[in-house]
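Structural overview for review
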Number of protein chains: 2
Amino acid sequence: MKHSLGILAVLLWSSVQIFAQTDWYNPFGKGEIPVQGRCWNEEIGAKYHRLPDRAEKVVRKALWDLSCQSAGLYIKFKTNASKIQVKYTVTSGFSMPHMPATGVSGVDLYMKDADGQALWCAGKYSFGDTVRYTYDNLTYRRQSDKGNEFCLYLPLYNGVNLMEIGVPAGSHFEFAAPSKKKPVVIYGTSIAQGACASRPGMAWTNILQRKLDFPVVNLGFSGNGRLEEEFFRLLAETDASLFVIDCMPNMTEDDRVGLIADRMAKGIRILREKSQAPILLVEHDGYMGYRVSDAERSRFEKTNEQLRLCYQELKQKVDGLYYMTFEELGLSMDSQVDGVHATDLGMFQYAEAYSRKIAKILFP
Amino acid sequence: MKHSLGILAVLLWSSVQIFAQTDWYNPFGKGEIPVQGRCWNEEIGAKYHRLPDRAEKVVRKALWDLSCQSAGLYIKFKTNASKIQVKYTVTSGFSMPHMPATGVSGVDLYMKDADGQALWCAGKYSFGDTVRYTYDNLTYRRQSDKGNEFCLYLPLYNGVNLMEIGVPAGSHFEFAAPSKKKPVVIYGTSIAQGACASRPGMAWTNILQRKLDFPVVNLGFSGNGRLEEEFFRLLAETDASLFVIDCMPNMTEDDRVGLIADRMAKGIRILREKSQAPILLVEHDGYMGYRVSDAERSRFEKTNEQLRLCYQELKQKVDGLYYMTFEELGLSMDSQVDGVHATDLGMFQYAEAYSRKIAKILFP
């Protein structure tokens, strides 16, 4: 009896071990680097950065540091596992006072279902020396024996190191190669980078990526999207299907409003030397406190007036120039957390406005 | 020359002092306590709690502790000041991994404009031993010389002590007396308490309060809205215009689903012994990860099935019973941060559904 109980214990232990075993996959393990949502993919290589190393000598330090955050990067893979784990380390603080850790430092997973629709997966998470996300009980309508395609969005306001994706041992797992389509390339501010989405999938650039089912590149840099010549030179290297220039929220300071016309004219010229892709200029979305403050209203109205004048002049000379107004963006009064940065409600409204506008330009 | 520079310096210093002087007002200073969004206002007195002290001996400790958080409390005041400051201390941690400090521990201000519409005010904030919010440049269409009415929502997931509201010295300032209308009283879970709004004004109970321009009482208690008899006895003390029972997200555990019918029947009987106010029963809003997980779907569907059966039986015997379905709540796939708790997008959708439903009941 004791003997057979012993054997039973060993058998139980072995099966627990088998069930507990996880195969871990590193996106930088071997083969083509599967990171999407960035240009210079091969040049950047095995880092979750958004600019190639040589850019460090070209752009201001503040912008370079922000470019090492993984905003807008995403990785697609196919698996038939009903459990997916993600673990990684981050390079700075987990959260900000107006943005939770799940948005600043979390990942976010969507499954493409049998109809090709992106469906959100709710994960359990813990933030520590290693950040861990676990997605359990994934059972819904598999596309094939190899499973469904998943899209994992990376943190919006943190750098990522040492990331691995785990599935129960023996499950099918393969990374998807990056899309060959020319991306929508977005140059912008904190709002474009993703502040203050509650989770990465809710940054408007990522919502747009899902809505259009089209590659989108996030070059939003917090307070540092300032229409600078050196950045336009980098932008001109990219093979975009469309450029979005959404920098006005960084151009409202008294000493910057006067720079808009010159910088934009120079920037558009630099882009047009290399690319004939459509360029969409976007007005300031407004400080949502402006309804109670003439001073706040005046700041963004002055900025938008400059952009409008500049657009009217440029469109005489430049083909493929488009324009989106404050009214077209259409953010509602409660779309921001602090009068500047969008919440998930604002991000949703942003994405609606952008997808309407961009679909008309790209798929007329 | 030295002498006149000295005089000039003194004059400048004096005027800085005058401009810098702030009159601080404590809601618990004198006269009627202006805290709104709670029952038992006089009994609770000079605390930012939601239940009277005697409840501590009646309810579970976890619920009592949550009732000491200021979710759904709001204070109205009238001022003609163009700058408003708020300072206070809180009783626990500033933030949670899925909810920022601005929502957990922040305040949120709306101005009623000349047309009676609530307009959001964007504040600057700092979280420290004392939490400070400053609203500058408030200039928009004053209702009278005494200024406009403001509504200040208190923190959703923290306790508040020692709060004061400051305006530049000499400005008109007066607290508004609480509304005499019978409130909509909401008994619920973490979602009703306000998780995970980015700021207090975006908790759905507070959006509802603005939309209906009607007093709303938030008795949401995180994981502790469990249809317990002792809580229904407290609820029955309140003079409500409408009761909302929105506890299903706390009733999905295997050992709780079977309790729904009994507890609800007993609870409704307790309410009806004291009040003929309409009672709205609300289904589970759904774990938004359910589209990719049959297991998750099954959990809330079982819960809602129990509630539906229970409602069908109760409505034969009880007048004024109303029901809101999962479909009527209508939360979209991206309405939650973690598969349970609503973001501002979800809160907006919640408030839309509730205001449609409640307006039909209260103002047919």
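Below or above, wherever it landed, is the structure these notes cover. (Residues numbered from 1 in each chain as written. Chains lettered and ligands numbered in written order. Predicted model: local features only at pLDDT ≥ 70, side-chain atom pairs only at ≥ 80, totals over all residues. Heavy atoms only, no water.)

In this section: unusual backbone geometry. Residues other than glycine predominantly adopt negative phi, and peptide bonds predominantly adopt the trans conformation. Following A:Ala195, the chain continues to A:Cys196 via a peptide bond in cis, the omega torsion being 5 degrees. You will see that A:Asn137, though not glycine, has its phi angle at about 55 degrees, which is positive. When its relative accessible area of 36% is taken as the criterion, A:Asn137 is described as partly exposed. Although it is not a glycine, B:Ser222 sits at a positive phi angle of roughly 40 degrees. Tracing the backbone through its elements, the reader meets B:Ser222 in the loop between strand E13 (216-220) and helix H7 (229-235). (Buried < 20%, exposed > 50% of the residue type's maximum accessible area, 1.4 Å probe, protein only. Helix = DSSP H or I, 4+ residues; strand = E, 2+ residues; numbered from the N terminus.)

Residues and elements named next belong to chain A. Strand order in this open sheet of five strands is E1-E10-E4-E8-E7, and the pairing throughout is antiparallel. A single partner strand is all that each edge strand has here, and the edge strands are strand E1 (22-25) and strand E7 (124-126). Each strand axis lies, on average, 20 degrees off the axis of its neighbour in the sheet, ignoring direction. Summarising the sheet, strand E4 (residues 84-90) and strand E10 (residues 160-168) pair through five bridges and their orientation is antiparallel. Note on E10: the bridge partner recorded for Lys87 is Glu164. (Pairing = 2+ DSSP bridges. Axes fitted to C-alpha atoms, helices over the stretch in contact; angles between N-to-C directions.)

As a further point, take the interface of chain B and chain A. Note on interface size: it is often stated as the accessible area lost on association of the parts. Across the boundary between the two partners, chain B contributes 44 residues, which contact 44 residues of chain A. For the chain B and chain A pair, buried surface summed over both sides reaches about 3,500 Å², with 60% attributable to carbon and sulfur atoms. Interface area lost by chain B to chain A is led by B:Trp120, B:Val292 and B:Asp334, which between them contribute 19%. Taken together, the links from chain B to chain A amount to four salt bridges. (Contact = heavy atoms within 4.5 Å. Buried area = accessible area lost by both parts, 1.4 Å probe. Salt bridge = Lys/Arg side-chain N within 4 Å of Asp/Glu carboxyl O.)

Residue and element names in this part refer to chain A. Among the five residues that make up strand E14 (residues 242-246), five are buried, leaving the element largely enclosed by the rest of the structure. Across the two faces of E14 the burial is the same, with Leu242, Val244 and Asp246 and Phe243 and Ile245 all buried. Where strand E12 (residues 184-188) and E14 come together, five bridges link them in parallel fashion. When the sheet's bridge partners are listed, Val185 is paired in E14 with Phe243. Bridging between E14 and strand E15 (residues 279-282) involves three bridges; their strand directions are parallel. Its bridge partner being in E15, Val244 is matched across the sheet by Leu280.

Next up on the list: the packing of helix H9 (residues 260-274) of chain A against helix H10 (residues 294-314) of chain A. Residues and elements named next belong to chain A. With their axes 9 Å apart at the nearest point, H9 and H10 run at an angle of 40 degrees to one another. As summarised for this structure, H9 and H10 are arranged oblique, according to the angle between their axes. For H9 against H10, the interelement crossing comes out right-handed. Judged by residue contacts, Ile260, Ala261, Met264, Ala265 and Ile268 of H9 engage Thr303, Gln306, Leu307, Cys310 and Leu314 from H10. (Parallel < 35°, antiparallel > 145°, perpendicular 65-115°, else oblique. Left-handed = near helix turned anticlockwise from the far one by under 90°.)

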